[in-house]
Amino acid sequence: MRALGITLLGQLAFALRSGSNGKGNGALAEPEVAAKRVAVIGAGAGGSSTAYFLSQNADAAGIPVDISVFERGARVGGRCTTVNAWSDPAQPVELGASIFVDVNRILVDAAEKFDLSTASMGAPRAEGAAELGVWDGKQFLVKTSDEDGWWQKAKLLWRYGLAPIKTNSLMKSTVAKFLTMYAEPVFPWKSLNEVVHDVGLADTMAMTGLQFLTANGIGEKFAHEIIQASTRVNYAQNLKLIHGLETMVCMATSGAMSIAGGNYQIFDRMLESSSSISTHLNTSVTKISKQSDNTYNLTTSSGEISSFDDVVLATPLQFASIEIDPAPEHVPDEIPYVEMFVTLFASPHRLDPKAFNLEAGKQVPNFVLTTLPDGEDTGSDPNGVGTPGFWSISIIRTGLNPHGAPSPENIYKIFAPKPAGAKLLSHILGKYISDDEAEHGSRNGAISWIHHKTWHSYPYEYPRVTFDEISLDDGLWYTSSIESFISTMETSALAGKNVAKLIVDRWQGMADGEIVTVQSNEEWGYTGLKGQHQRPLEAEL
Ligand SMILES: Cc1cc2nc3c(=O)[nH]c(=O)nc-3n(C[C@H](O)[C@H](O)[C@H](O)COP(=O)(O)OP(=O)(O)OC[C@H]3O[C@@H](n4cnc5c(N)ncnc54)[C@H](O)[C@@H]3O)c2cc1C
Ligand SMILES: *[C@@H]1O[C@H](CO)[C@@H](O)[C@H](O)[C@H]1NC(C)=O
Ligand SMILES: *[C@@H]1O[C@H](CO)[C@@H](O)[C@H](O)[C@H]1NC(C)=O
């Protein structure tokens, strides 16, 4: 019955050649080999991991390398960002990606190697409050209770039958297929189009979550109340939209953790791991231009132009404001992304039971997840929040307001399709909140600190079987195609690790006199369904 535990994890359900170093070698016998120059655009999980593994692979192959990472923002991490509650550096909270899980090998290994401590996700418990509840905008359909473990499990068994156990084994077999992408002979993969077939995930990708669950005999009630609550909190998508694989990722919650002080530290350390990596913050790349000798000149915001052998684009091209001249052989498609409004705020108050149709005196659960009420069907509509009006509201931890009373306040996170304004905040807290307080907070008020952020958080994960290429052109690489497959810190890091391997393999192939190209669908025997993949499959259940 461990299955029940995993399914109820909640917010949190993210799962989601040897040789010597060429530097200094053979100084007397041969002239120094010029270092390979690589530009990585973006210092998020994808770009940092690319640089980290590239420097390792190049060292192992004895190829000197000089890696420049360009980051538009003032910090490393990308969508992995912390902000400080009450501007207190001692109280960082995740504004973007917050959770990874124990099957996330790259992140787990890096955390260990860099000696970063992980904090398992335990939220503070209020006396008598359930840990988690699933709210449909009218009532809580299910709440975990403080009752004895066995009694709670018996009730869930009564409600859902064997669905939790079946879901857990379906999740495990699906994740096992994905994990084959980490090792030979599958790794490194040249094209996601191909690898998805090779590892046996094409069918899972081609179906909506609901179709996949139904095909595997998972009961509708459990899918609606638990699994959909999980796809909504993780991806702001319902089961008739999101594909089967990402649905399973949402259920892979075993060993959920985060890095104490902020997940971004993993990526920061990756970039600091080697003297062959230099990171340029506050530096946007504005133009990539391919030269007649197949090198690339990059123009940055400062107007500087420099030349590179390989360029890795580690950010969704559509938001990057980069001109690529001439257009590469494969131009990534524009992908619809979720516009996510995240609100972090601190309050001495708990959520108002009245706002959740609970009797006065009852406690609202720490994590309020949502699903659609019975009879409401938004199909594959991306605007699928429905009656609840928000995706989730959770107390992520408690903290001490440096300007307030000495007792801890609750730090909340809201995921919603609209900014959380005075009206919503007043309603859920049952206190009058002025527009100004909703915008800026007020030191000793009902909202003592608040931070608003809009993200392009992840793609709408419609079922699809074709993906943007990883090799856009000779020496021009793209990590963000993976996001239509699975969008997590780990998968972006995996895409970076994969590109880092492809690059060094190609250099070695070139050195051996092979003609190496790693693109075009035709070469892989695919007829190419490109263009079809952005639309949801029409066939709904
Ligand atoms: C609110 C939210 C919650 C999430 N929760 C989770 C979670 O719990 N667990 C999880 O695993 N994932 C989660 N995710 C998803 C996860 O954050 C992403 O999948 C992952 O971080 C993407 O990493 P990336 O490196 O591919 O892209 P990004 O992190 O977006 O990095 C790209 C970088 O490129 C930079 N850049 C863009 N254009 C240029 C340019 N022209 N020049 C220079 N630099 C440029 C950007 O500034 C950015 O830093 C969440 C995302 C959001 C927004
Ligand atoms: C980047 O810019 C911010 C503000 O715009 C500044 O505070 C910071 O010091 C800059 N960082 C670097 C490394 O230039
Ligand atoms: C490309 O960059 C190199 C090195 O910075 C420079 O010498 C050359 O003029 C650039 N080419 C173009 C077309 O800008």
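One can find the structure itself at the top, above this paragraph.
Quick caveat: nothing in here was measured; it's all calculated off a predicted structure. (Residues numbered from 1 in each chain as written. Chains lettered and ligands numbered in written order. Predicted model: local features only at pLDDT ≥ 70, side-chain atom pairs only at ≥ 80, totals over all residues. Heavy atoms only, no water.)

Chemist: I'd like to hear about the overall build of the protein chain, residue by residue, with values.
Modeler: The number of helices and strands found in the protein chain is 14 helices and 21 strands. For the protein chain, the accessible area works out to roughly 22,000 Å², and carbon and sulfur atoms hold 50% of it. (Helix = DSSP H or I, 4+ residues; strand = E, 2+ residues; numbered from the N terminus. Areas by Shrake-Rupley, 256 points an atom, 1.4 Å probe, with all protein chains shown as cover.)

Chemist: So what's going on with the packing of aromatic side chains? Residues and values would help.
Modeler: All told, the structure shown has 14 aromatic pairs when counted by the stated rule. Between Tyr-52 and Phe-53 the ring centres are 4.8 Å apart and the planes differ by 70°, which places this aromatic pair in the edge-to-face class. Overall, the relative accessible area of 5% leaves Tyr-52 in the buried class. A relative accessible area of 10% means that Phe-53 is categorised as buried. Ring centres of Phe-70 and Phe-308 lie 6.0 Å apart, and the angle between their planes is 85°; this geometry places the pair in the edge-to-face category. Here the residue Phe-70 occupies a position in strand S2 (residues 65–70), and Phe-308 occupies one in strand S12 (residues 305–308), the gap between them amounting to 238 residues. There is no split in this pair, since Phe-70 and Phe-308 are both buried. (Phe/Tyr/Trp six-rings, centres within 6.5 Å; stacked < 30°, edge-to-face > 60°. Buried < 20%, exposed > 50% of the residue type's maximum accessible area, 1.4 Å probe, protein only.)

Chemist: Give a detailed account of the environment of Glu-272, specifying residues and quantitative values.
Modeler: Its place among the elements puts Glu-272 in helix H11 (residues 264–272). Looking at Glu-272, the relative accessible area reads 58%, which means it is exposed. Remark: the alpha-carbon pair of Glu-272 and Ala-51, spanning 221 residues in sequence, is separated by 9.9 Å.

Chemist: Can you tell me about the site of ligand 3, naming the residues and giving the values?
Modeler: The local shell around ligand 3 consists of Gln-291, Asn-297, Ile-305, Ser-306 and Ser-307. Interatomic distance of 2.4 Å between a side-chain N/O atom of Asn-297 and an oxygen atom of ligand 3. Isolated, ligand 3 exposes 360 Å² of accessible area, and the fraction of that covered by the protein chains is 37%. The biggest single contributor to the shell around ligand 3 is S12, with three residues. Looking at the shell around ligand 3 residue by residue, the classes come out as one nonpolar, four polar and no charged. (Near = heavy atom within 4 Å. Polar contact = N/O pair within 3.5 Å; in protein donor to acceptor, adjacent residues only side chain to side chain. Nonpolar A, V, L, I, M, F, W, Y, C, P; charged D, E, K, R; others polar.)

Chemist: So what's going on with the sheet that holds strand S1 (residues 36–41)? Residues and values would help.
Modeler: Pairing is mixed in the open sheet, where six strands are placed in the order S9-S2-S1-S13-S21-S20. Edge positions in the sheet fall to strand S9 (277–280) and strand S20 (471–473), since each of these pairs with one other strand and no more. Shown here is a sheet whose adjacent strand axes are inclined to one another by a mean of 20°, direction ignored. (Pairing = 2+ DSSP bridges. Axes fitted to C-alpha atoms, helices over the stretch in contact; angles between N-to-C directions.)

Chemist: Give me the lowdown on the pattern of salt bridges, citing residues and values where you can.
Modeler: Any two side chains of opposite charge can pair, given that their charged atoms come close. This structure, assessed with the given rule, holds nine salt bridges. With its nearest N and O atoms 4.0 Å apart, the salt bridge here joins Asp-325 to Lys-287. Of the two residues, Asp-325 sits in strand S14 (residues 323–325) while Lys-287 sits in strand S10 (residues 285–290), which places them 38 residues apart along the sequence. Judged by its relative accessible area of 35%, Asp-325 falls in the partly exposed class. On the basis of relative accessibility, which here comes to 26%, the residue Lys-287 falls in the partly exposed class. For Asp-505, the salt bridge is made with Lys-501, and the minimal N-O distance between the two is 3.0 Å. In this pair, Asp-505 and Lys-501 both sit in helix H14 (residues 489–511), four residues apart, roughly one turn of the helix. (Salt bridge = Lys/Arg side-chain N within 4 Å of Asp/Glu carboxyl O.)

Chemist: Could you give an account of the environment of Phe-222, with specific residues and numbers?
Modeler: Considering the arrangement of structural elements, one finds Phe-222 in helix H9 (residues 220–235). Residues Phe-222 and Gly-161 lie 61 residues apart in sequence; the distance between their C-alpha atoms is 8.8 Å.

Chemist: Give a detailed account of the packing of helix H3 (residues 105–113) against H14, specifying residues and quantitative values.
Modeler: Helix packing geometry: the angle between the two helix axes and the distance between the axes. Remark: H3 packs on H14, axes separated minimally by 8 Å, with the N-to-C direction vectors making an angle of 85°. Classed by the angle they form, the pair H3 and H14 counts as roughly perpendicular. On the side of H3, the interface is formed by Arg-105, Ile-106 and Leu-107, while H14 contributes Met-489, Glu-490, Ala-493, Leu-494 and Lys-497. Each residue belonging to the contact of H3 with H14 can be placed in one class, and the counts come to five nonpolar, no polar and three charged. (Parallel < 35°, antiparallel > 145°, perpendicular 65-115°, else oblique. Contact = heavy atoms within 4.5 Å.)

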